[in-house]
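# Topology and contacts: notes
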Amino acid sequence: MNYEIVLATNNQAKVQEIRTFFKDYTVTFLTLDDLKLKLKPKETGRTFLENALLKAKAVSQHVNKTVIADDSGLQIDALQGFPGVYSSRWLEDKTYEEKNKEILRLMHVHKNRKAQFTSAIVILYPHKEMRFFVGTTIGKITRDIDHHPNGFGYDPIFFSDELMKPFSQASIEEKNTISHRGRAAAKLLQCLLDKRLITKIKAR
Ligand code: ITT
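Residue numbers run consecutively from 1 along every chain, following the written order of its sequence. Two thresholds apply to this predicted model, a pLDDT of at least 70 for residue-level local features and 80 or more for giving and counting side-chain atom pairs, whereas whole-chain, interface and lining totals are computed over all residues. Excluded from the side-chain calculations are hydrogens and water; all other atoms, namely the structure's heavy atoms, are used.

## Here we look at the overall build of the protein chain
Each helix is a run of DSSP H or I of at least 4 residues and each strand a run of E of at least 2, with the numbering of both proceeding from the N terminus. Counting its regular elements, the protein chain contains five helices and seven strands. Relative to the compact-globule value of 17 Å for 204 residues, the protein chain shows a C-alpha radius of gyration of 17 Å, a close match. The C-alpha extent of the protein chain, read off along each of the three principal axes, is 55 × 40 × 25 Å. A simple rule labels every residue: compare its accessible area, found with a 1.4 Å probe on the protein chains alone, to the largest value its type can have, and call it buried under 20%, exposed over 50%, or partly exposed in between. For the protein chain, with 204 residues in total, the buried portion stands at 50%. Sequence-distant contacts in the protein chain: of pairs separated by 6 or more residues, those separated by 24 or more amount to 61%. Split by element, the accessible area of the protein chain, about 10,900 Å² in all, is 53% carbon and sulfur. The positive charge centre, built from 33 side chains, and the negative charge centre, built from 24, are 4 Å apart in the protein chain. Our radius of gyration is a C-alpha quantity, and the globule rule it is checked against amounts to 2.2 Å times the number of residues to the power 0.38. Residues count as neighbours in contact if any of their non-hydrogen atoms are within 4.5 Å of one another. Here the Shrake-Rupley method, with its probe set to 1.4 Å, supplies the accessible areas, and only the displayed protein chains count as covering residues. In this tally, Asp and Glu contribute negative charge and Lys and Arg positive charge; neither His nor the terminal groups of the chain are included. In this description, the location of a charge corresponds to atom NZ of lysine, CZ of arginine, CG of aspartate or CD of glutamate.

## A short note on the sheet that holds strand 2 (residues 27-30)
Taking strand neighbours across the sheet as the criterion, the seven strands line up as 2-1-3-4-5-6-7 in an open arrangement whose pairing is mixed. Bordering the open sheet on either side are strand 2 and strand 7 (165-166), each of which pairs with just one other strand. With four bridges joining them, strand 1 (residues 3-7) and strand 2 adopt parallel strand pairing. Counted as the bridge partner of glutamate 4 is threonine 28 from strand 2. A fitted line through C-alpha atoms serves as each axis, taken over the contacting stretch for helices, and the angle formed by two N-to-C directions is quoted from 0 to 180°. Relative to strand 3 (residues 66-76), helix 1 (residues 12-21) is tilted by about 115°, and along the sheet it contacts strand 1, strand 2 and strand 3. In this scheme, strands are said to pair when DSSP sees at least two bridges between them.

## Some thoughts on the site of the ligand
Definition of nearness: a residue and a molecule or strand are near each other if at least one heavy atom of the residue lies within 4 Å of the molecule or strand. Around the ligand sit 21 residues, and of these Thr9, Lys55, Tyr96, Asp155 and Lys175 come closest. A distance of 2.8 Å is found between an oxygen atom of the ligand and a backbone nitrogen or oxygen belonging to asparagine 10. At 2.9 Å, a side-chain N or O of serine 88 approaches an oxygen atom of the ligand. Contributions of two or more residues to the shell around the ligand are made by strand 3 and helix 5 (180-194). Partitioning the shell around the ligand into residue classes produces four nonpolar, nine polar and eight charged. Distance and chemistry together define a polar contact, namely a pair of N or O atoms within 3.5 Å, with one atom able to donate a hydrogen and the other to accept it when in protein, and with adjacent residues in sequence counting only for side-chain atoms on both sides. Classification used: nonpolar for Ala, Val, Leu, Ile, Met, Phe, Trp, Tyr, Cys and Pro, charged for Asp, Glu, Lys and Arg, polar for all others including Gly.

## Re a nonpolar patch on the surface
A cluster of nonpolar residues, Leu49, Phe132 and Val134, forms a patch on the protein surface that exposes about 210 Å² of accessible area. Among the secondary structure elements, leucine 49 is positioned in helix 2 (residues 48-60). Patch definition: residues with relative accessible area over 30% and no salt bridge; like charges joined within 9 Å; nonpolar side chains (Val, Leu, Ile, Met, Phe, Trp, Tyr) joined within 5 Å. Definition used for salt bridges: Asp or Glu carboxyl oxygen within 4 Å of a side-chain nitrogen of Lys or Arg.

## Focus: the nonpolar core
For our purposes a nonpolar core is just a set of buried Ala, Val, Leu, Ile, Met, Phe, Trp, Tyr and Cys residues, chained together by side-chain atoms within 4.5 Å. Counting 22 residues, the largest nonpolar core has Phe22, Phe29, Ile68, Leu188, Leu192 and Ile198 as the members making the most contacts within it. Listed by contribution, the elements that provide at least two residues to this core are strand 1, helix 1, strand 2, strand 4 (114-124) and helix 5. For this core, the element with the most residues is helix 5, which contributes six residues. Those residues in contact with isoleucine 198, other than ones at most four positions away along the chain, are Tyr3, Phe22, Tyr25, Thr26, Val27, Leu189, Leu192 and Leu193. Grouped together as the second largest cluster of nonpolar side chains are 19 residues, Ile103, Met107, Phe158 and Ala170 included.

## Remarks on the pairing of strand 5 (residues 130-141)
One ladder, built from eleven bridges, connects strand 4 with strand 5; its direction is antiparallel. Bridge pairing links phenylalanine 117 to threonine 137 in strand 5. Once strand 4 ends, the chain turns through five residues before running back antiparallel as strand 5, passing lysine 128 with a positive phi of about 80°.

## Details of the pattern of salt bridges
Under the definition given, this model contains 17 salt bridges. Among the charged side chains, a salt-bridge network with shared partners connects Lys14, Glu17, Asp70, Asp155, Lys175 and Arg181.

## A closer look at helix 5
How far a helix is expected to stretch is found by multiplying one less than its residue total by 1.5 Å. With 15 residues, helix 5 extends 22 Å between its outermost C-alpha atoms, agreeing within 8% with the 21 Å of an ideal straight helix rising 1.5 Å per residue. Buried residues along helix 5 sit against strand 1, helix 1, strand 3, strand 4, strand 5 and helix 4 (172-178). Looking one or two places after helix 5, you find arginine 196, whose phi comes out positive at around 60°.

## Comments concerning the packing of aromatic side chains
When two rings of Phe, Tyr or Trp (its six-membered ring) have centres within 6.5 Å they constitute a pair, described as stacked for plane angles under 30 degrees, edge-to-face for angles over 60, and tilted for the intermediate range. Tallied over the full model, the rule gives seven aromatic pairs. Ring centres of phenylalanine 21 and phenylalanine 22 lie 5.1 Å apart, and the angle between their planes is 65°; on these two criteria the pair is classed as edge-to-face. You can call phenylalanine 22 buried: its relative accessible area is 2%. Among the aromatic side chains, those forming a connected cluster through ring pairs are Phe21, Phe22 and Phe29. For a lysine, the NZ atom is tested; for an arginine, the CZ atom; a charge sits over a ring if that atom is within 6 Å of the ring centre and within 35 degrees of the ring normal. A cation over an aromatic ring shows up here: lysine 195 above the ring of tyrosine 125, its NZ or CZ 5.1 Å from the ring centre.

In structure tokens, the structure reads:
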């Protein structure tokens, strides 16, 4: 039987990326929707790690299962790391098209376009043991919004230095190989394998 993990997120794009990352392993990810849980924990922490833990704990109170949460964001050098932990809450009532336009406007005067994505993933077991995994990926803020349909959030304005294209032009599998979330997930995978909670599904 597959090992079950609850994903403490309301972001369906994160669910897709994580499910894709673990598709060859004996793990099933349950969403808040699957469990009919309507929770939107307040992200009052000052760091990605604090916020990931807040989200994992909020969900863990309602389920007797292992929970993981991801808190992530875009940090732009010329804007002193902004939007960072505010990536989701900043201009919350606006669409990502509008948020991305606003970032490009703020960046108009800056020559230094360097930026990074960071993801902090927390795993919280039913017996309350927890582990943290962090991943980062570097790139540059583009001059224009890329209108290719892949990705989500800030992907259309993030040119990956490693893929040599905007994240919005990468497939989920491709993005997972070098992304902040993919790198944090790789560390989580190793931990789950080491604990023998999951194994690789054997090819037939
Ligand atoms: P949950 O808290 O329910 O998981 P959220 O979207 O609010 O969903 P965060 O609080 O972690 O998630 O906010 C992170 C925001 O940073 C997210 O909404 C995106 O706008 C952005 N972000 C994070 N990872 C990203 C990625 O891989 N590509 C593009 N944008 C990303």
